[in-house]
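# Inside the fold
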Amino acid sequence: MKQKPLLKLATLSLCALLLSGCWSKRELNELGIVTAIGIDLQDDQYKVTVQVINPSEVSSQEMTTRTAVSTYTAVGNSIFEAIRRLVTQTPRQVYMAHVREIIFGEEMAKKGIGKALDFLSRDHEMRTDFHLTVAEGMEAEDLLKVLTPLERIPAEKAYSSIKAGEKYWAPVQSVKISDVLSAMLSEGDNPVLTGMRVVGDPEQGSNLDNVEKVNSPTRIKISRLAVFQKDHLAGWLTENQSKGYSYIVDKVHSSAEFVPCKDADKGGITLEVFDSTSSMEAVVQAGNPKVTISINIEAGIAEVECPLKLSETAVIHQVEKQFEKRMNNMVTGTVEVLQQDLKSDVLGFGELIHRTDKTYWKTVQEDWENIFPDVETDVKVNVKIKRTGTIVDSYQKDMEG
Amino acid sequence: MPRYSRRKRQTPKEETSTDKLGKSLQTNIAQFKQTLGDSTDIVIRNFKAGQTGSMDIAVLYTSGLVNEAIVHDFVLDTLMVQIRQTPLDTIEKQDYQIIKDFAMTGGNITDIDTMGKLFDHVLSGDTVVMLDGSIQAMAIDTRDWESRGVEEPSTQSVVRGPKEGFTETLRTNTALMRRRIKDENLWIRTKPIGKKSKTDVAVVYLNGVADEKVVKEVYHRLDKINIDAILDSGYVEELIQDETYTPFPTVYNSERPDTIAAGILEGKIAIIVDGSPFVLLVPALFVNFFQAAEDYFQRADFSTLIRMVRYLAFFLAMLTPSVYIALTTYHQEMIPTSLLVSLSAQREGVPFPAFVEALLMEITFEILREAGVRLPKAVGSAISIVGALVLGQAAVEAGIVSSAMVIVVSLTAISSFVSPSFSFAISIRMLRFGFMILAATLGLFGILLGLIILTLHLSSLRSFGVPYLSPMAPFIVADQKDAILRFPRWKLTTRPRLISQQKITRENGEAPKPPKRSRRKKRKKQE
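These numbers were taken from a predicted model, which means no experiment stands behind them.

### A closer look at unusual backbone geometry
Residues and elements named next belong to chain B.
- A cis amide bond links Val282 to the next residue, Pro283, at an omega of -10°.
- Inspection of the secondary structure assignment puts Pro283 in the loop between strand E10 (279-282) and helix H11 (300-329).
- Note the cis peptide between Ala473 and Pro474, where omega equals 5°.
- Structurally, the position occupied by Pro474 is in the loop between strand E12 (466-467) and helix H17 (519-526).

### Here's the deal with the environment of Leu36 of chain B
Residue and element names in this part refer to chain B.
- As for its position among the elements, Leu36 is in helix H2 (residues 25-36).
- Its relative accessible area of 19% is what places Leu36 among the buried residues.
- Along the sequence, Leu36 and Phe119 sit 83 residues apart, while their C-alpha atoms lie 8.8 Å from each other.

### Description of the sheet that holds strand E12 (residues 288-304) of chain A
Residue and element names in this part refer to chain A.
- Reading across the sheet, the four strands line up as E10-E11-E12-E13 and stay open at both edges, with mixed pairing between neighbours. If you trace the sheet from one side to the other, it starts and ends with strand E10 (255-260) and strand E13 (376-387), each paired once. On average, adjacent strands in this sheet sit at an angle of 40° to one another, irrespective of strand direction.
- The pairing of strand E11 (residues 268-285) with E12 spans 16 bridges and is antiparallel. Of the residues in E12, the one forming a bridge with Ala282 is Val291.

### Observations concerning the interface of chain B and chain A
- On the side of chain A, 27 residues touch chain B, which itself brings 25 residues to the contact.
- Summing the contributions of chain B and of chain A, the shared interface buries around 2,200 Å²; its carbon and sulfur component is 62%.
- In this assembly, chain B and chain A are joined by two salt bridges.
- For Glu27 of chain A, the salt bridge is made with Arg347 of chain B, and the minimal N-O distance between the two is 3.4 Å.
- Here chain B and chain A share 12 residue pairs in polar contact (both at pLDDT 80 or more) between them.

### Describing the side chain of Asn29 of chain A
- For Asn29 of chain A, the position within the fold is in the loop between helix H1 (4-18) and strand E1 (31-42).
- Given the relative accessible area of 16%, Asn29 of chain A is considered buried.

### Remarks on the nonpolar core
- Ranked by size, the top nonpolar core spans 92 residues in total, and within it Phe248, Ile264, Phe286 and Phe424 of chain B carry the most contacts.
- Sorting elements by how many residues they give to this core places helix H16 (residues 422-460) of chain B first, with 10 residues.
- Val252, Cys261, Val379 and Val381 of chain A belong to the second largest nonpolar core, which has 51 residues in total.

### Some points on the packing of helix H5 (residues 114-122) of chain A against helix H8 (residues 177-185) of chain A
All names here are of chain A.
- Interaxial distance between H5 and H8 falls to 11 Å at its minimum, and their mutual angle equals 135°. Relative to H8, the element H5 lies oblique. The hand of the H5/H8 crossing is left-handed. Residues Gly114, Leu117, Leu120 and Ser121 of H5 lie in contact with H8, whose contacting residues are Ile177, Val180, Leu181 and Met184.

### Digging into helix H9 (residues 233-240) of chain B
Residues and elements named next belong to chain B.
- Of the residues making up H9, those classed as buried are Ser233, Val236, Glu237 and Ile240. Mapping the buried residues of H9 onto a view down its axis gives an arc of 100°, with all of them on the same face.
- Buried positions along H9 lie against helix H8 (212-224), strand E8 (252-254), strand E9 (269-273) and E10.

### Details of the sheet that holds E9 of chain B
Residue and element names in this part refer to chain B.
- Spatially, E6-E7-E9-E10-E8 is the arrangement adopted by the five strands of the open sheet, whose pairing is antiparallel. Single-partner strands in this sheet number two, and they are strand E6 (186-193) and E8. Adjacent strand axes in the sheet meet at a mean angle of 25° when their direction is disregarded.
- Bridge count for E8 against E10 is three bridges, and the pairing is antiparallel. In the sheet register, Asn253 faces E10, and the bridge partner there is Leu280.

### Quick notes on helix H6 (residues 115-123) of chain B
- Every buried residue belonging to H6 of chain B is among Met115, Gly116, Leu118, Phe119, His121 and Val122 of chain B, and all of these are buried.
- Positive backbone phi, approximately 105°, marks Gly125 of chain B, located one or two places after H6 of chain B.

### A word on the pattern of salt bridges
Residue and element names in this part refer to chain B.
- Enumeration according to the criterion identifies 44 salt bridges over all chains in this entry.
- Two residues, Asp56 and Lys48, come together in a salt bridge whose shortest N-O distance is 3.3 Å.
- For Arg143, the salt bridge goes to Asp126, with nearest N and O atoms at 3.1 Å. With Arg143 in the loop between strand E5 (137-140) and helix H7 (170-180) and Asp126 in the loop between H6 and strand E4 (127-131), this residue pair connects regions lying 17 residues apart in the sequence.
- You can call Arg143 partly exposed: its relative accessible area is 35%.
- Overlapping salt bridges bring together Glu362, Glu366, Arg369, Glu370, Arg374, Arg429 and Arg432 as one network.

### Observations regarding the domain arrangement of chain B
All names here are of chain B.
- For chain B, the domain assignment lists domain 1 (2-140), domain 2 (170-284) and domain 3 (300-467).
- For domain 2 and domain 3, the distance between their C-alpha centres works out to 34 Å.
- Each partner contributes to the interface: domain 2 provides 19 residues, whereas domain 3 provides 15 residues.
- Regarding the contact of domain 2 and domain 3, the summed buried area is about 1,400 Å², with carbon and sulfur atoms giving 74% of it.
- Joining domain 2 to domain 3, the criterion identifies zero salt bridges.
- Viewed at the interface, domain 3 and domain 2 are joined by four residue pairs in polar contact (both at pLDDT 80 or more).

### Here's the deal with the confidence of the model for chain B
- Per-residue pLDDT for chain B averages 86, and the proportion of residues at 70 or more is 92%.
- Summarising per-element confidence for chain B, the mean pLDDT is lowest in helix H1 (residues 2-18) of chain B (45) and highest in E9 of chain B (96).

### Details of the confidence of the model for chain A
- With 98% of its residues at a pLDDT of at least 70, chain A reaches an overall mean of 88.
- Model confidence for chain A, summarised as mean pLDDT per element, is weakest for helix H15 (residues 396-400) of chain A at 73 and strongest for strand E5 (residues 101-104) of chain A at 94.

### With respect to the domain arrangement of chain A
Residues and elements named next belong to chain A.
- Taken domain by domain, chain A comprises domain 1 (28-236) and domain 2 (239-401).
- Look at where the C-alpha atoms of domain 1 and domain 2 centre, and you get two points 32 Å apart.
- Between domain 1 and domain 2, the contact holds 23 residues from the first and 27 residues from the second.
- Carbon and sulfur atoms make up 51% of the surface buried where domain 1 meets domain 2, a total of about 2,000 Å² over both sides.
- Counting across the domain 1 and domain 2 interface gives zero salt bridges.
- Linking domain 1 to domain 2 there are 14 residue pairs in polar contact (both at pLDDT 80 or more).
- At the level of secondary structure, the elements contributing two or more residues to the side of domain 1 that touches domain 2 comprise helix H7 (154-168), strand E8 (219-229) and strand E9 (232-236).
- Sort the elements by how many residues they give to the side of domain 1 that touches domain 2 and E8 lands first, with six residues.
- Within the side of domain 1 that touches domain 2, the residues separate by chemical class into 11 nonpolar, seven polar and five charged.

Cut-offs applied
Residues numbered from 1 in each chain as written. Chains lettered and ligands numbered in written order. Predicted model: local features only at pLDDT ≥ 70, side-chain atom pairs only at ≥ 80, totals over all residues. Heavy atoms only, no water. Helix = DSSP H or I, 4+ residues; strand = E, 2+ residues; numbered from the N terminus. Buried < 20%, exposed > 50% of the residue type's maximum accessible area, 1.4 Å probe, protein only. Pairing = 2+ DSSP bridges. Axes fitted to C-alpha atoms, helices over the stretch in contact; angles between N-to-C directions. Contact = heavy atoms within 4.5 Å. Buried area = accessible area lost by both parts, 1.4 Å probe. Salt bridge = Lys/Arg side-chain N within 4 Å of Asp/Glu carboxyl O. Polar contact = N/O pair within 3.5 Å; in protein donor to acceptor, adjacent residues only side chain to side chain. Core = buried A, V, L, I, M, F, W, Y, C linked by side-chain atoms within 4.5 Å. Parallel < 35°, antiparallel > 145°, perpendicular 65-115°, else oblique. Left-handed = near helix turned anticlockwise from the far one by under 90°. Arc of directions from axis to C-beta. Domains from an automatic or database assignment. pLDDT = per-residue confidence, 0-100. Nonpolar A, V, L, I, M, F, W, Y, C, P; charged D, E, K, R; others polar.

Below you can see the structure in the form of structure tokens.
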């Protein structure tokens, strides 16, 4: 009996734990799982569109006439307000932990996304592994309406498209909120976002028959980068320029590069890039900054249309030279566009110069936007062909003979 | 009134137990008969022996508990036929000693001088010979009754290994032990426990290997038992265990003689209870409940792997439903998106919260299991069909439970039967419900809290003075060889440190190697 008070105390304190009773409990079927959020502007207010999964459609084995996702749109003074207002339309509480994509409409991106990012990084419910993208030439709302084949959830399609694009093709990048914030907030660096666009009629894309055809008439395409000047959209890079950007900032995992033969109408050689490393160095000489970009590419020969004797080292060297030249052009083109047309330092030259020469940076810090276009650049590309594939010499020669 | 009647019933018994036998045979028999209430299974054969037939002899035994052939051939035949020509009446007074020393051919004869002992011997299967005029009687061991033979144990079955199991007869069981350990230090001491049942309880241990303190403690605890009847070793287990209020068993039990023998060789103490094929083994540690007999019959690497699976199954059986509840009601962000989508699709239209759903299924499963155990075998298949169809399929199709929950419950159910010890599986099943409540109220935080409390509780447990969690807490490096891992046999050189505190070394282990090739052969090969 002596030990009983302690036991009572323990029991009571354990019961106290249970008093919180199912606090913040949510059953799965009370959740509207959001996979993508689109943010647009409408008369100074935010127009938020969410793409909510219809779980039974997504995982059902049978064909149904209902779509796998639904979109809801609400307008509010802030993003959070708009999202809460969604409840007036959705039957369930919006649950945002599984958001895969945040899409900004182009108009919104031009006006600036900085204020919207506060909610995205502050909200506790959201994970930080979603991608930030820009809808090219349209509102995010329209993009979110397009149904996609293969992947039933369009946002999931976009997510894996970006992942695959980043891994095997290189012009797109999976940009996370932390990347954008750090690039936006540091002086001498600017963010890029992946662009998404709709090919075909967006209105038709929201129809179920869009996915009932082998060749869907309306599709979402992810192929290039949106360049930002601080928090607003400065312009777009082409697919090749986007690739060039990826090479410069050392984000290429694997890609394919084509160069024509000497005799141009015979076709060309394609390389499979399987490793690329780049480094940038800055020097300031007599008040003139100069940046050297060196890129080392390791590649294998993927496809040959020219009559070449690849078993000879000299020929391989020759091909390497050709590619170096081509890559040089591509990268230089990217730098030129960024410096002359878009005037946005997404390559982080400013940061680099800051690190190399602090005193010089202090003098140009305020005026960096104007100085950036005049920074002298030097691009050095080194291509190394490591493999020629399962056949060595091209048989094109024999075919001709 | 009830008090009065109780006292009345008890009084005569106490008197008879210490009563000395009288000289008059007829008085003794009359008292014997009266106390037993003329029970029909008691045989009292009264006859005259000796040349002149002047010696009054009575033979008493319980029909069914004795081998009638032995009683007839060695007792009745001797007394009535073979010593017919002996002039018994001439020797006077020494008749008893003469008959005992020269006539009786039984192997084990005991002298009796009180009424109590008379009852004990007759009722436990001995044949008692009483002589008129003698204050002593002799009890001849003729015990033999219908019993189950040695069969394959119904629990803890093995694929490879001995298939003998203990039976309900104490003597058979001690014989099974002797046959495995033919060492003079294997001591078997028997003591009747239970005021009414007088069940023989044998303590078996390897003298010099078992910790003497623990042996003393076992005797002490057995002596303290004051109970009417012991009908199974479970009675003894409950009366000698260290801690009553714990879900975990602190006494090991097994139907397998090899398992018990292995325990005895480690320095543990076995308690065999007459009438129960389940032999107790103390001290029992947490890790013992994950060691199956087969671990030692199969190769070491395989046994280690299987043992790890058992630990995994332990956690699965305990935590699967609670983790499922916690994740789906509190931590949806931790579930991969595609899994979340399919889970929530299954939950569409399910009317209950996940906790109620889980509870419903778990309870239903427990009911099914209980019914399956108790029902006659012929009905068993019907039950399993009802269980599989009604619960598994129809409930999901009717939308009362989600199919994911059926998977969770089945996984839990299967995992809970992986434990080689049934008594341990029960404790897991009990804990599961506690964890489900914690998960439903506090999510993963609650589960973690429960695990911390569980660990604390386990660390506080002791089995006959040995920490329950050893060799993990306290951590003993040498004993890790046979805890979660199972090292090769030649490495199992020492006995568990805390169980046998004497003679730690078992054998000098050396890895088996192929014989060395002689040099001459080598040279020949090179040439």
